[in-house]
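Reading the structure
In case you want the letters, here they are:
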There are 2 protein chains.
Amino acid sequence: MSTEEKIFNAARIVFQKKGFAGARMQEIADEAGINKAMLHYCFKNKQQLFEAVFMKAFSQLAPQINTIFNSEKSVFEKITQFTHDYISFVIENPFLPQFVIQEMNNNPEFVMSILTHANRPNPDLFISQIEKEIEAGIIKTIKPKQLLLNIFSMTVFPFAAQIMVKGILHLSDLEFNQMMEERKTSIAQEIINSIKK
Amino acid sequence: MSTEEKIFNAARIVFQKKGFAGARMQEIADEAGINKAMLHYCFKNKQQLFEAVFMKAFSQLAPQINTIFNSEKSVFEKITQFTHDYISFVIENPFLPQFVIQEMNNNPEFVMSILTHANRPNPDLFISQIEKEIEAGIIKTIKPKQLLLNIFSMTVFPFAAQIMVKGILHLSDLEFNQMMEERKTSIAQEIINSIKK
DNA sequence: GTTTGGTTTAACCTTTTGGTTAATAAAGGT
DNA sequence: ACCTTTATTAACCAAAAGGTTAAACCAAAC
């Protein structure tokens, strides 16, 4: 693994655990097992190192959404596939949602610039598809954006609020993961139940 | 308003916007319109000032949950009342959810100590009530904790991820608030639809 | 073997930041 | 009026944190 990769991975770990403001360059250097000056040799400064990490994280989250939402399937099929695939992905990267949400809140200007970029999540096609299926009488009358928000809420929230959820529901790491495994299939069923005519 | 209140309110604003690590004592002093030394005169240090703010925030969020969940109503009534009241409350305090979640992630040891305290959110009674209504054939077979997680996800997530939601769904502040107003009643309906026999 | 180029480091520098102090102003009791 | 206590401030301090530099290291090229 190249030094740049070592730094990047260390930065990912530290930034995701402590956030931008809480992360220390020295801690990233220690985590990478190299001298602090190397950070500035490979990446200009803290901000740029952070942006590299954040972009990578965001670019892993976003395209999947578009791939699924812009496919040729029905709304129900898309919901089923999205919730399953997305939870599978986030189980492997459990810190990503909270990391992205946190830094969007603390750093809105920088992040909004990302949202105007190319492969940003774009729900427009999915939204108009929902409207069509409502007119066709397949789905109950519901605001498409509300439905979309429900889907994201049910999939993402448990990971974003992981620590609190574990605390309040008295879940061990193992139990939490088992619940998330169940959710891969259960929440699609529940969402579909709530909107099918 | 006493100086202590001015400091507390300023601290609340700055901590909720920037988080513990990102907040600056000088910025809090400026926001309060007083000298920085006064912060240390009224509160011992940054940590203690933060804990005061966090405790207040958490103690506003938690008891409501218990009051509703431990009442004498049916599961459907509780879901209806909880989602409505909770969204109403969070509309008035839109930064609370993200603030609490963020600091729980960045500071788990400190926060877990709060969760063992007295008026922590305690869903035990509500969970056993769900089990009873499942046996009674009122509700479909579902894991109570999954249902609880669904309820929290649908109510809390849109606020926790507010900036991202606005960005992806192209919502102005006004449109976002209108959507949340709708959710006060709509999500209870949708949740109940998805679980009623 | 020596030069040359990119790596890597120890030591250093500068700014920021949380926190303190000592002096001053205001308030209250007698 | 005078003293005591409380509130408030400007100036200061020490530690932490981000960033720089100049020298050392090390491989490949000649």
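Residue indices follow the written sequence of each chain, beginning from 1 at its first position. Each chain is given a letter, starting from A, and each ligand a number, starting from 1, according to the order in which they appear as written. Side-chain atom pairs in this predicted model are given and counted only at pLDDT of 80 or more, local residue features only at pLDDT of at least 70, and totals for whole chains, interfaces and linings cover all residues. To get the side-chain values, take all heavy atoms of the structure and skip hydrogens and water.

Chain A is annotated in an unreviewed UniProt entry as TetR family transcriptional regulator from Flavobacterium glycines.

Concerning the overall build of chain A
Note on conventions: DSSP H or I runs of at least 4 residues are helices, E runs of at least 2 residues are strands, and numbering of each starts at the N terminus. For chain A, the helix and strand inventory stands at eleven helices and zero strands. The linear arrangement of helices and strands in chain A, starting from the amino end, is α-α-α-α-α-α-α-α-α-α-α. Over its C-alpha atoms, taken along the principal directions, chain A stretches across nearly 65 × 40 × 30 Å. Roughly 8800 Å² of accessible area belongs to chain A as shown, and the carbon and sulfur atoms make up 55% of that amount. Charge counting treats Lys and Arg as positive and Asp and Glu as negative, with His and both chain ends excluded. In plain terms, the charge of a residue is placed at NZ if it is Lys, CZ if Arg, CG if Asp and CD if Glu. Averaged over its 21 positive side-chain charges, chain A has a centre that lies 3 Å from the centre of its 21 negative ones. Only the protein chains shown count as cover for residues, and the accessible areas themselves come from Shrake-Rupley with a 1.4 Å probe.

A short note on the domain arrangement of chain A
By a frequent convention, interface size equals the accessible area lost on bringing the separate parts together. Residue and element names in this part refer to chain A. Partitioning chain A into structural domains gives domain 1 (1–44) and domain 2 (53–195). These domain boundaries are the output of an automatic or database domain assignment. Relative placement of domain 1 and domain 2: their C-alpha centres are 29 Å apart. When checking whether two residues touch, look at their non-hydrogen atoms; a contact exists if any pair is within 4.5 Å. Residue-level contacts link eight residues of domain 1 with seven residues of domain 2. Buried area counts how much accessible surface, traced with a 1.4 Å probe, disappears from two parts once they are put together, with both parts' losses summed. Between domain 1 and domain 2, roughly 640 Å² of surface is buried when both sides are summed, and carbon and sulfur atoms account for 70% of that area. Salt bridge, as applied in this entry: a Lys or Arg side-chain nitrogen positioned within 4 Å of an Asp or Glu carboxyl oxygen. Across the domain 1-domain 2 interface, the total number found is zero salt bridges.

A short note on the protein's contact with DNA strand D
Only heavy atoms are used to decide nearness, and a residue is near a molecule or strand if one of them lies within 4 Å of it. For DNA strand D, the set of nearby residues contains 14 residues, the closest of which are Arg24(A), Lys36(A), Lys46(A), Thr3(B) and Met38(B). Tyr41(B) has a polar side-chain atom sitting 3.0 Å from a phosphate oxygen of DNA strand D. Every element with two or more residues in the surface near DNA strand D is listed here: helix H3 (36–42) of chain A together with helix H3 (36–42) of chain B. Just so you know the grouping, Ala, Val, Leu, Ile, Met, Phe, Trp, Tyr, Cys and Pro go in nonpolar, Asp, Glu, Lys and Arg go in charged, and all remaining residues, Gly too, go in polar. In terms of residue class, the surface near DNA strand D is built from seven nonpolar, four polar and three charged. Polar contact criterion, stated in full: a pair of N or O atoms within 3.5 Å, where within protein one must be able to donate a hydrogen and the other to accept it, and residues adjacent in sequence count only if both atoms are side-chain atoms.

Quick word on the UniProt feature "DNA-binding region" (unreviewed entry) in chain A
UniProt records the feature "DNA-binding region" (unreviewed entry) at residues 24–43 of chain A, using the numbering of this structure. Secondary structure across residues 24–43 of chain A comprises 75% helix and 0% strand; the distance between its end C-alpha atoms is 15 Å. UniProt positions are given in the numbering used here, feature names are shortened, and annotations may be inferred rather than shown by experiment.

Brief notes about the pattern of salt bridges
One side chain can pair with another of opposite charge once the charged atoms of both are near each other. Applying the stated criterion to the full structure yields eight salt bridges over all chains. In this structure, the salt-bridge partner of Glu182(A) is Lys143(B), at a minimum N-O distance of 2.6 Å. Taken together, the residues Glu182(A) in helix H11 (residues 173–195) and Lys143(B) in the loop between helix H8 (124–135) and helix H9 (144–160) connect one chain to another. The residue Glu27(B) makes a salt bridge to Lys18(B) at a minimum N-O spacing of 3.2 Å. Residue burial is assigned from relative accessible area. The probe radius is 1.4 Å, only protein chains are included, and a residue is buried under 20% of its type maximum, exposed over 50%, and partly exposed in between. Of the residues examined, Lys18(B) reaches a relative accessible area of 30% and is grouped as partly exposed.

Here we look at helix H2 (residues 25–32) of chain A
Residue and element names in this part refer to chain A. Those residues of H2 lying buried are Met25, Ile28, Ala29 and Ala32. Buried residues along H2 cover an arc of 100° about the axis, so they all sit on one side. On the buried face of H2, the contacting elements are helix H1 (3–22), H3 and helix H4 (46–69). Along the arc lie the directions from the helix axis toward the C-beta atoms.

Quick notes on the UniProt feature "transmembrane region" (unreviewed entry) in chain A
Taking the UniProt record as the reference, the feature "transmembrane region" (unreviewed entry) is found at residues 147–169 of chain A. As annotated, residues 147–169 of chain A has a helix share of 96% and a strand share of 0%, and its two end C-alpha atoms lie 26 Å apart.

Some words on the protein's contact with DNA strand C
The immediate surroundings of DNA strand C are formed by 14 residues, with Thr3(A), Met38(A), Arg24(B), Lys36(B) and Lys46(B) found nearest. The sugar-phosphate backbone supplies 56% of the atoms of DNA strand C found within 4 Å of the protein. A distance of 2.6 Å is found between a phosphate oxygen of DNA strand C and a side-chain nitrogen or oxygen belonging to Arg24(B). In the environment of DNA strand C, a phosphate oxygen lies 3.0 Å from a nitrogen or oxygen atom belonging to the backbone of Met25(B). Counting only elements with at least two residues in the surface near DNA strand C, the list comes to H3 of chain A together with H3 of chain B.

Some points on the environment of His84(A)
Residue and element names in this part refer to chain A. With respect to the helices and strands, His84 occurs in helix H5 (residues 75–92). Owing to a relative accessible area of 32%, His84 belongs among the partly exposed residues under this scheme. Taking the C-alpha atoms as reference, His84 lies 22 Å from Lys56; in sequence the two are 28 residues apart.

Details of the relation of the copies chain A and chain B
Superposition of the copies used a least-squares fit over C-alpha atoms from residues whose pLDDT is at least 70 in both. Expressed as a screw transformation, the operator carrying chain A onto chain B has a rotation angle of 180° and an axial translation of 0.0 Å, and the superposed copies differ by an RMSD of 0.1 Å. The superposition of one copy onto the other is thereby described by a two-fold rotation axis. Relative to the rotation axis, the closest C-alpha in chain A is found at Ser194(A), a distance of 2.2 Å.

Considering the packing of aromatic side chains
Note on aromatic pairs: each is described by the distance of the centres and the angle between the planes. In this scheme Phe, Tyr and Trp rings, the latter by its six-membered ring, pair at centre separations within 6.5 Å, and the angle between planes marks the pair as stacked below 30 degrees, edge-to-face above 60, and tilted otherwise. According to the stated counting rule, one finds 26 aromatic pairs over all chains in the structure shown. Between Phe69(A) and Phe152(A), the ring centres sit 6.4 Å apart and the planes meet at 75°, which makes this aromatic pair edge-to-face. Of the two residues, Phe69(A) sits in helix H4 while Phe152(A) sits in helix H9 (residues 144–160), which places them 83 residues apart along the sequence. No difference in accessibility class separates Phe69(A) from Phe152(A), as the two residues are buried. Note on Phe15(B) and Phe50(B): the rings are 5.1 Å apart at their centroids and 80° apart in plane angle, and the pair reads as edge-to-face.

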